[in-house]
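The chain contents come next:
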Amino acid sequence: MKKTMFRACALVVAVSVFSGFRDNGKNDGTPGSEQLVMQKETGLKIPTGFDATVVAENLGTARHLVVTPKGKIYVKLAKLKDGKGIAMLEDTNGDGKVDQQKFFGDFVGTGITIKGNYLYASSNEEVFRYTLNANGEVTNPDKPEKIVTGLINRHQHESKSIVLDNNGNLYVNIGAYSNACQEKDRTKGSKGMTPCPILDSAGGIWQFKASVLNQTYGNGVRYATGLRNVVGLDWNTASNELFVMQHGRDQLFQLYPDMYDAKKSAELPAETMYAVKKGDDCGWPYVYYDQFQKKKILAPEYGGDGKKTGGEKALDPVVAFPGHMAPNGLLFYTGSMFPAKYENGAFIAFHGSWNRAPEKQKGYFVAFVPFKNGKPSGEWEIFADNFAGTEDLQSPGQAQHRPCGLAQGPDGALYVSDDAKGTIYKITYKGK
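So, how was this worked out
Residues numbered from 1 in each chain as written. Predicted model: local features only at pLDDT ≥ 70, side-chain atom pairs only at ≥ 80, totals over all residues. Heavy atoms only, no water. Helix = DSSP H or I, 4+ residues; strand = E, 2+ residues; numbered from the N terminus. Buried < 20%, exposed > 50% of the residue type's maximum accessible area, 1.4 Å probe, protein only. Contact = heavy atoms within 4.5 Å. pLDDT = per-residue confidence, 0-100. Disulfide = S-S within 2.5 Å. Core = buried A, V, L, I, M, F, W, Y, C linked by side-chain atoms within 4.5 Å. Pairing = 2+ DSSP bridges. Axes fitted to C-alpha atoms, helices over the stretch in contact; angles between N-to-C directions. Phe/Tyr/Trp six-rings, centres within 6.5 Å; stacked < 30°, edge-to-face > 60°. Lys NZ or Arg CZ within 6 Å of the ring centre and 35° of its normal.

Looking now at the side chain of Arg356. By the element assignment, Arg356 lies in the loop between β24 (346-350) and β25 (365-369). Overall, Arg356 belongs to the buried group, its relative accessible area being 2%. For Arg356, the residues in contact, after removing those within four places along its chain, are Ala266, Glu267, Gly323, His324, Gln361 and Lys362.

Structure, rendered in structure tokens:
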């Protein structure tokens, strides 16, 4: 592999992050949330005029989910439940609660989506396709078609999130099995590899044909590279392009205490949203995005000191969020139920942090970013909060619920999955 150089790509103007926060009297990078109201049934805090209900519980590790035009909910599970990895949920009597559950698929994983008459679901190595009938029911639960096989799984960032565009293409995240592409992963003093060999088969988004069976790496295209791990991604129909949410690297303080203190390491690097096109390079592992300096900073494994910039030809994020919040779901809202401000905007499910100690953990909420003409048009805000059940989190295990997947119902409702206890929430708008 030739020495990696950052490919030229269209520069996307980054939305100002910390300067764009609503002033709430704090200086910790948290946006204002005064408008959120506690809901008695769910314990969630959501804006006035919205209502949240629990439609299903105890599903297990509920990752991504999707809702059919007939209202059936399909949920991908990261661990098998009764030997199965996909749940089909249905409210047959119209009372707002799931009263029928069916399970199928003998593989674990995260990705699931619907396009046309097909349900697509991924394991950590493959992507499958099921046929749906007119009622949105899977007709071949025991014999899915295999669309992609042989994807790398080194048991770190192994989930394969998926999305389709409107031209028959399938996009698959293949996460990097590394923190920062060091010679010895997560080891103090170990240098970064140049070029990073991981980028040959991971650390990016691969594009395949959605209707061709048994594809491998050789049939696909490395659509975008330099992405450490993307769990949340979605196709923006307003701008006709792919958007992804990257999990930033960890352990700046633990590995480089001479350059970063614990507090700075808890906030850096930013969790970043990119609008990616074919051939784009987002910079990992050579650079990370610093939301305070609003710059791409050279990673310490590659000679950086926390101030040196790098990656001049690498893509800038369109939005940057505080570090270590784990954006696991991304959804562009195209429904008509919510007020006009939400039209074509982005919802992001933050799974919650682990690498912030001794600072408090952050995340565990659903955020919203307004969009106009396919681009962010204002500051981001917390839309649904208190999934964790407490603000005093010292570790992720203390969180009662952890948001993971997002889906839009046929009526425009927003569904949120929780992979801690397997709860599915439905958020609707009732009006003020």
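In this section: the confidence of the model for the chain. Averaged over the chain, the pLDDT score is 91; the fraction of residues at 70 or greater is 92%. Of the regions scoring below 50 in pLDDT, residues 1-30 engages in 79 contacts with residues more than four places distant in sequence or in other chains.

So, on to the state of the cysteines. Applying the stated rule across the entire model yields 1 disulfide. Here Cys181 is linked by a disulfide to Cys196, with a sulfur-sulfur distance of 2.1 Å. Judged by the sign of its S-S torsion, about 100 degrees, the cystine formed by Cys181 and Cys196 is right-handed. Of this pair, Cys181 sits in the loop between β13 (169-174) and β14 (204-209) while Cys196 sits in the loop between β13 and β14, and the two are 15 residues apart along the sequence. Residues Cys181 and Cys196 agree in their burial class; the two are buried.

What follows deals with the nonpolar core. Membership of the largest hydrophobic core comes to 25 residues, with the highest contact counts inside it found for Leu170, Val172, Cys196 and Ile198. Ranked by residue count, the leading element in this core is β13, at 3 residues. Setting aside anything within four residues of it in sequence, one finds Ile198 in contact with Ala176, Tyr177, Ser178, Cys181 and Trp284. In terms of nonpolar packing, the next biggest core, distinct from the first, is built from 21 residues, Ile46, Leu331, Val366 and Tyr425 among them.

Right, let's get into the sheet that holds strand β22 (residues 319-321). Ordered by their spatial adjacency, 4 strands build an open sheet running β16-β17-β18-β22, and the pairing between neighbours is antiparallel. Sheet topology places β16 (230-236) and β22 at the edges, where each strand pairs with a single neighbour. Averaged over all pairs of adjacent strands, the angle between strand axes in this sheet comes to 20 degrees, irrespective of strand direction. Two strands pair when backbone bridges link them, and strand β17 (residues 241-246) and strand β18 (residues 271-276) are joined in this way by 5 bridges, in the antiparallel orientation. Paired with Met245 across the two strands is Met273, which belongs to β18.

Scanning all chains against the criterion turns up 30 aromatic pairs. Between Phe50 and Phe383, the aromatic rings sit 5.1 Å apart at their centres with planes inclined by 85 degrees, giving edge-to-face as the arrangement. Linking Phe50 in strand β3 (residues 50-56) with Phe383 in strand β28 (residues 381-384), this pair joins segments that are 333 residues apart in sequence. Owing to a relative accessible area of 0%, Phe383 belongs among the buried residues under this scheme. Ring centres 5.8 Å apart and planes at 75 degrees place the aromatic pair Phe338 and Tyr342 in the edge-to-face group. The pair Phe338 / Tyr342 is uniform in exposure class, with both members buried. Within the aromatic cluster, the residues linked to one another by ring pairs are Phe50, Tyr333, Phe338, Tyr342, Phe347, Phe368, Phe383 and Tyr429. Of note, Arg129 hangs over the ring of Tyr118, and the distance from its end group to the ring centre comes to 3.8 Å. Across from the ring centre of Tyr177, 4.5 Å away, lies the NZ or CZ of Arg154, which sits over that ring.

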